[in-house]
Amino acid sequence: MQDPLTGNRKPFQKTPQTFVESDRQWLDNLLDEAIGRRTSDIHIDPGKTNATMRLRVDGMLYELDTYEMDVHGQIVSQIKVLSNLDIANVHFPQDGQFEYDFDNRTHYVRVSTFPTIYGEAVVMRILNRGDSFVGLENLGFDEKQLKDITELINRPFGMVLTTGPSGSGKSTLLNAILRRLNKEENNIITIEDPVEFHMENVRQTQINPYHEFGFAEALRAILRQDPDIVMIGEIRDAETAQTAVQATLTGRLFFSTFHTLDVFAIITRFIEMGIPRSVVAHVIGGVVSARLVRKICDKCKVPYEMKSHEMELLKDALPEHIALYHGEGCHECSNTGYFGTTGIFEVVSFDEELRAAIIASSSIDELRPILKKRNVKSLLGSGVDKIVQGITTVGEVIRVTGGDINSKRND
């Protein structure tokens, strides 16, 4: 089987087994290769005798190269120097950053080092500054979802939360929302960890836990800066949640992310953090659950027939007699069958019926029929739409959502 990263491309220039620490050529080669393959993250993992370099492309990790551990220390030191990190500190995690120009574009590279039993592991996240200009209409929302989220973010106050696992597009979604709201009449302040995309006319703040300047402390401070719109990168603990609720109750429009799977998990977590049910019900304006699915490569797209286990997982969700597709793999997609990603979403606006059910201590099983009655499209339903449109594959939607044989398609 052909290496999905190599395909028919020119092979990556291997890392030399002898290494001159002052030589930047190997790092330039690595970054050029990674950016050329649309990589979001570079992983360098030390082992007992060899270190492995892997690239995350469209959400999936692929091995690129290995090298002997004899040069690992010099390689990590060079990355640290470029990122303004302490090369002598090898026992504690560090975070840094640098900029890299490729193909007439400036890329922001965020660096994280982490000590392991064999040496320091490194992850480099590559952010193309052009990605910060993606509009809401280009993220993958259908027409109704786009209308719903537009109404949500145009309300004068309330809390709008995005939820999903790491790498599900939450930060990209929040960035697109803030760009839509970035107008002269709005004072927008953000608290981030770290600040990934810089926006003109927005006050962006990076937390510094080493100086006791976390999300909760920063949020209390910016409320004295007369904000109209507040965004914090993540609600991580009860203190931040309670401060965020108080900020929203004073009449602000508030945005944040929550590392839960769906709207029901957010409600549960808020209550566990000590927020009364009545406050949870009234302060949250809406929740957007997000996931990313890989798109079928247009250059090698061919008809596809579902496998038996796929039919079992999606038989109640897919319409009958639809044409299915997948990518065979080609030079353009590095032999993966996929090229690029798009979002699938569930957009839930809180209405009086849902608020009343939350206050009445209704269980999660009692809340789900309310959304079904309102015809709220689930993540699975959004993914099925992408299958029907020939944008992604059955396997990809199952990978991201898990499928649900009891879930009917939401039209």
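Just above sits the structure.
The shown structure was predicted, so the numbers you read here are calculated from the model rather than taken from an experiment.

**So, the overall build of the protein chain**
Consideration 1: Per the secondary structure count, the protein chain includes 13 helices and 15 strands.
Consideration 2: The C-alpha radius of gyration computed for the protein chain amounts to 23 Å, which stays within 12% of the reference 22 Å derived for 411 residues, consistent with globular compactness.
Consideration 3: Along the first, second and third principal axes, the C-alpha set of the protein chain runs to 65 × 60 × 40 Å.
Consideration 4: Taking all 411 residues of the protein chain together, 50% fall into the buried category.

**Let's talk about the nonpolar core**
Consideration 1: Formed by 38 residues in total, the largest nonpolar core has its most connected members in Ile235, Phe270, Ile284 and Phe350.
Consideration 2: Of all the elements, helix H7 (residues 263-272) adds the most residues to this core, at five residues.
Consideration 3: In terms of nonpolar packing, the next biggest core, distinct from the first, is built from 28 residues, Leu27, Met53, Tyr67 and Ile75 among them.

**Section: the packing of helix H10 (residues 352-359) against helix H11 (residues 364-373)**
Consideration 1: Here H10 crosses H11 at 180°, and the two axes come no closer than 10 Å. Viewed along their axes, H10 and H11 adopt a mutual orientation that is roughly antiparallel. Within the contact between the two elements, H10 uses Glu353, Leu354, Ala357 and Ile358 and H11 uses Leu367, Ile370, Leu371 and Lys373.
Consideration 2: Grouping the amino acids of the contact of H10 with H11 by side-chain chemistry returns six nonpolar, no polar and two charged.

**Section: the pairing of strand E10 (residues 229-232)**
Consideration 1: Of the two faces of E10, the one carrying Ile229 and Met231 and the one carrying Val230 and Ile232 are both buried.
Consideration 2: Here strand E8 (residues 188-192) pairs with E10 via four bridges, running parallel. Pairing of Ile189 across the sheet is with Val230, part of E10.
Consideration 3: Two elements, E10 and strand E11 (residues 253-258), share four bridges in a ladder whose sense is parallel. Residue Met231 lies in a different strand from E11, and its bridge partner there is Phe255.
Consideration 4: Handedness of the crossover joining E10 and E11 through helix H6 (residues 238-249): right-handed.

Conventions used here
Residues numbered from 1 in each chain as written. Predicted model: local features only at pLDDT ≥ 70, side-chain atom pairs only at ≥ 80, totals over all residues. Heavy atoms only, no water. Helix = DSSP H or I, 4+ residues; strand = E, 2+ residues; numbered from the N terminus. Rg over C-alpha atoms; globule rule 2.2 N^0.38 Å. Buried < 20%, exposed > 50% of the residue type's maximum accessible area, 1.4 Å probe, protein only. Core = buried A, V, L, I, M, F, W, Y, C linked by side-chain atoms within 4.5 Å. Axes fitted to C-alpha atoms, helices over the stretch in contact; angles between N-to-C directions. Parallel < 35°, antiparallel > 145°, perpendicular 65-115°, else oblique. Contact = heavy atoms within 4.5 Å. Nonpolar A, V, L, I, M, F, W, Y, C, P; charged D, E, K, R; others polar. Pairing = 2+ DSSP bridges. Right-handed = clockwise from strand over helix to strand, strands pointing away.

Remember, this is a structural readout, not a statement about activity or role.
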